Amino acid sequence: MDSYAATVARMPALRGAVAAAPHEHRVLTGERPTGPLHLGHLLGTIVERVRLQRSGVETFVILADYQVITDRETAEHVGEHVRGAVLDQLAAGLDPQATTFFVHSAVPALNQLMLPFLSLVSEAELHRNPTVRAEHELSGRALSGLMLTYPVHQAADILFCKADLVPVGKDQLPHVELTRVIARRFAERYAPVFRAPEPMLTDAPDIPGLDGRKMSKSRGNAIVLGMSPDETAAMIRKARTDTDRRITFDPDDRPEVSGLLSTAALCTGRAPAEVADEIGDGGAGLLKKVTTEAVNTFLAPHRARRAELAADPGLVDDVLRRGNARAVRIAEATLDEVRGAMGMRY
Ligand code: TRP
């Protein structure tokens, strides 16, 4: 069984364990603040975070700002994307009393953990990481030292707060596996300071973008949560379709039409084929109208809440300041244990 299948198989037991004793678990998850959050993030991951938080599990969300510069040469807009991501997650129902939002760059002790962790992995292991290889290829740039080693940094994201649950997408499984290896090797070499975390895969289906490919800001096919209804309508109007007036759900042969149908279906809780039947011979025009209405209706409460929160100018910075301060306290305590385990307390 490969690690994906093993993780899927483990999910019911893991969910059961969390439900039985939420206070014994700690969740750490997060994202790279490379762009605004979109519908795929909301349905794929944020809804799950809210569910976990509401079940009583303490949750940490990292806006991984140093990970932004793994595959690009600029940190432009990173602050804007960090703040936007916090705003969207508050609007979606994450409560800053129960969830700690923080960034790499504000937590020096977390970053310092990377040094002993780097000593526990070989260069060959780093080069084998399939996600790093794929991201490097996609970047079209030379492999930077940070790109090669960021999974070790990500292990520090997870281990600094001793999280045992890491909700992630499939592409992140190699990083969680490496984190487990690092936790184990640290125990073998020094002392059992860390517990080995487990990945949690969300049930949500892959969210297609407006062109039928995976929703992603860089592909220009994403419905951004913070867009206005008019911007949403304009974006959907521009989406490519085909000339067949009969609307059918056929992801292989009609990816663009099917992407729109999937979006409308996800936002209305129906099956894509059902939406297609309803549109019938209405053509791309009606398909786009139906999709726009579905998206704007579905996102209206989120957007209203987002606007309400955004009207409080100090709110997001305050949430980050408090989250960063809490992460700093926890990271310093962990680093102190690491110093002790390594005989480096002076
Ligand atoms: N690499 C993750 C992504 O691209 C983001 C991330 C950074 C993360 N640190 C993390 C996810 C720690 C889970 C745990 O989406």
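Starting afresh in each chain, residues are numbered from 1 along the sequence in its written order. Local features in this predicted model are restricted to residues of pLDDT 70 or higher, and side-chain atom pairs are both shown and tallied only at a pLDDT of 80 or more, whereas totals for entire chains, interfaces and linings draw on every residue. Excluded from the side-chain calculation are hydrogens and water; included are all heavy atoms of the structure.

Enquirer: I'd love a proper account of the overall build of the protein chain, names of residues and values included.
Expert: Helix and strand labels come from DSSP, where a helix needs a run of H or I of at least four residues and a strand needs a run of E of at least two; each type is numbered from the N terminus. Counting secondary structure elements, the protein chain contains 14 helices and 5 strands. The quantity called the radius of gyration is restricted to C-alpha atoms. Its globule counterpart is 2.2 Å times the number of residues to the power 0.38. Here the C-alpha radius of gyration of the protein chain, 21 Å, is about what a compact globule of 346 residues would show, namely 20 Å. Its C-alpha atoms put the protein chain at 75 × 45 × 45 Å along the principal axes. For the protein chain, with 346 residues in total, the buried portion stands at 50%. In this analysis, two residues are considered to be in contact whenever any of their non-hydrogen atoms come within 4.5 Å of each other. Taking contacts inside the protein chain between residues at least 6 apart in sequence as the whole, the part at least 24 apart equals 77%. Of the roughly 16,200 Å² that the protein chain leaves accessible, carbon and sulfur atoms contribute 53%. Charged side chains of the protein chain number 41 positive and 45 negative; the gap between the two group centres comes to 2 Å. Using a 1.4 Å probe on the protein chains alone, a residue whose accessible area is under 20% of its type maximum counts as buried, one over 50% counts as exposed, and one in between counts as partly exposed. Accessible surface is estimated by sampling points in the Shrake-Rupley manner with a 1.4 Å probe; for residues, cover comes only from the protein chains shown. Charge assignment in this entry is limited to Lys and Arg as positive and Asp and Glu as negative, and neither His nor the chain termini are counted. To locate a charge, the coordinates of NZ of Lys, CZ of Arg, CG of Asp or CD of Glu are taken.

Enquirer: Kindly report on the domain arrangement of the protein chain, identifying the contributing residues and their values.
Expert: Each domain's limits were defined by an automated method or a database of domain assignments. The domains assigned to the protein chain are domain 1 (3–204 + 313–342) and domain 2 (229–310). With centres defined by C-alpha atoms, the gap from domain 1 to domain 2 works out at 32 Å. Together domain 1 and domain 2 conceal approximately 940 Å² of surface at their shared face, both sides included; 74% is due to carbon and sulfur atoms. By buried area we mean the combined loss of accessible area, with a 1.4 Å probe, across both parts when two parts are placed together. In terms of surface lost to domain 2, no three residues of domain 1 exceed Leu39, Leu87 and Ala91, which account for 47% of the buried area on that side.

Enquirer: Report on the pattern of salt bridges, specifying residues and quantitative values.
Expert: Here, a salt bridge means any side-chain nitrogen of Lys or Arg that lies within 4 Å of a carboxyl oxygen of Asp or Glu. Taken as a whole and judged by the stated rule, the model has 25 salt bridges. A salt bridge links Arg254 to Asp242, with the nearest nitrogen and oxygen atoms 2.7 Å apart. With Arg254 in the loop between α10 (229–238) and α11 (255–268) and Asp242 in the loop between α10 and α11, this pair connects stretches of sequence that are 12 residues apart. The network of salt bridges with common partners includes Arg15, Glu48 and Arg51.

Enquirer: Tell me what's going on with the packing of aromatic side chains, and back it up with residues and numbers.
Expert: Here a pair means two rings of Phe, Tyr or Trp (six-membered ring of Trp) with centres within 6.5 Å. Their orientation is stacked below 30 degrees between planes, edge-to-face above 60, and tilted elsewhere. Under the criterion given, the structure shown has 6 aromatic pairs. Ring centres 5.5 Å apart and planes at 80° place the aromatic pair Phe117 and Phe194 in the edge-to-face group. Taken together, the residues Phe117 in helix α5 (residues 108–118) and Phe194 in the loop between α9 (173–189) and β5 (198–201) connect sequence positions 77 residues apart. Just as Phe117 is buried, Phe194 falls in that class too. Seen from their ring centres, Phe186 and Phe194 are 5.4 Å apart, and the 75° between their planes marks the pair as edge-to-face. Phe194 carries the same exposure label as Phe186, and that label is buried. Among the aromatic residues, ring-to-ring pairing joins Phe117, Phe186, Tyr190 and Phe194 into one connected group. Over the aromatic face of Tyr4 sits the side chain of Lys170, whose NZ or CZ is 4.3 Å from the ring centroid. Our definition puts a charge over a ring when NZ of Lys or CZ of Arg is within 6 Å of the ring centre and also within 35 degrees of the ring normal.

Enquirer: Go over the side chain of Thr232, please, and point to the residues and values.
Expert: Looking at where Thr232 falls in the secondary structure, it is placed in helix α10. Excluding residues that lie within four positions of it along the chain, Thr232 makes contacts with Ile223, Met227, Val295, Asn296 and Arg303.

Enquirer: Can you tell me about the packing of α5 against helix α14 (residues 315–341), naming the residues and giving the values?
Expert: Close contact between α5 and α14 brings their axes to 9 Å; oriented N to C, the two are set at 25°. With respect to each other, α5 and α14 are oriented roughly parallel. Two packed elements cross with a definite hand, and for α5 against α14 that hand is left-handed. Residue-level inspection shows Ala109, Leu110, Gln112, Leu113 and Pro116 of α5 in contact with α14, the latter providing Ala331, Glu332, Thr334, Leu335, Val338 and Arg339. In terms of residue class, the contact of α5 with α14 is built from 7 nonpolar, 2 polar and 2 charged. Axis definition: a line fitted to C-alpha atoms, over the contacting stretch in the case of helices. Angles run 0 to 180 degrees between N-to-C directions. Each angle receives one of four descriptions, namely roughly parallel if under 35 degrees, roughly antiparallel if over 145, roughly perpendicular if within 65 to 115, and oblique otherwise. By definition, turning the near helix anticlockwise from the far helix through less than a right angle yields a left-handed crossing, and turning it clockwise yields a right-handed one. Basically, the charged four are Asp, Glu, Lys and Arg, the nonpolar ten are Ala, Val, Leu, Ile, Met, Phe, Trp, Tyr, Cys and Pro, and anything else, Gly included, counts as polar.

Enquirer: An account of unusual backbone geometry is requested, with residue identities and associated values reported.
Expert: Both trends apply: most residues other than glycine have a negative phi, and most peptide bonds are in trans. Even without a glycine there, the phi angle at His77 is positive, about 70°. Within the fold, His77 resides in the loop between α3 (65–68) and α4 (78–91). Look at His77 and you get partly exposed, because its relative accessible area is 43%. Of note, the phi angle at Lys162 is positive, near 55°, even though the residue is not glycine.

Enquirer: I'd like to hear about the site of the ligand, residue by residue, with values.
Expert: By convention in this text, a residue qualifies as near a molecule or strand provided that one of its non-hydrogen atoms is within 4 Å of it. Of all residues adjacent to the ligand, which total 14 residues, the nearest are Leu28, Gln67, Gln154, Asp157 and Gln172. Polar contact is the term for a pair of N or O atoms within 3.5 Å; when the atoms are in protein, one must be able to donate a hydrogen and the other to accept it, and sequence-neighboring residues count only if both atoms are side-chain atoms. Within the contact set of the ligand, a nitrogen atom lies 2.9 Å away from a side-chain nitrogen or oxygen of Gln154. One of the side-chain nitrogen or oxygen atoms of Gln172 is found 2.8 Å away from a nitrogen atom of the ligand. Protein chains shield 89% of the accessible area of the ligand, which is 370 Å² for the free molecule. Counting residues per element, the ones that place at least two in the shell around the ligand are β1 (26–31), α8 (145–159) and β4 (165–168). A per-element tally of the shell around the ligand places β1 first, with 4 residues. Of the residues that constitute the shell around the ligand, the class distribution is 6 nonpolar, 5 polar and 3 charged.

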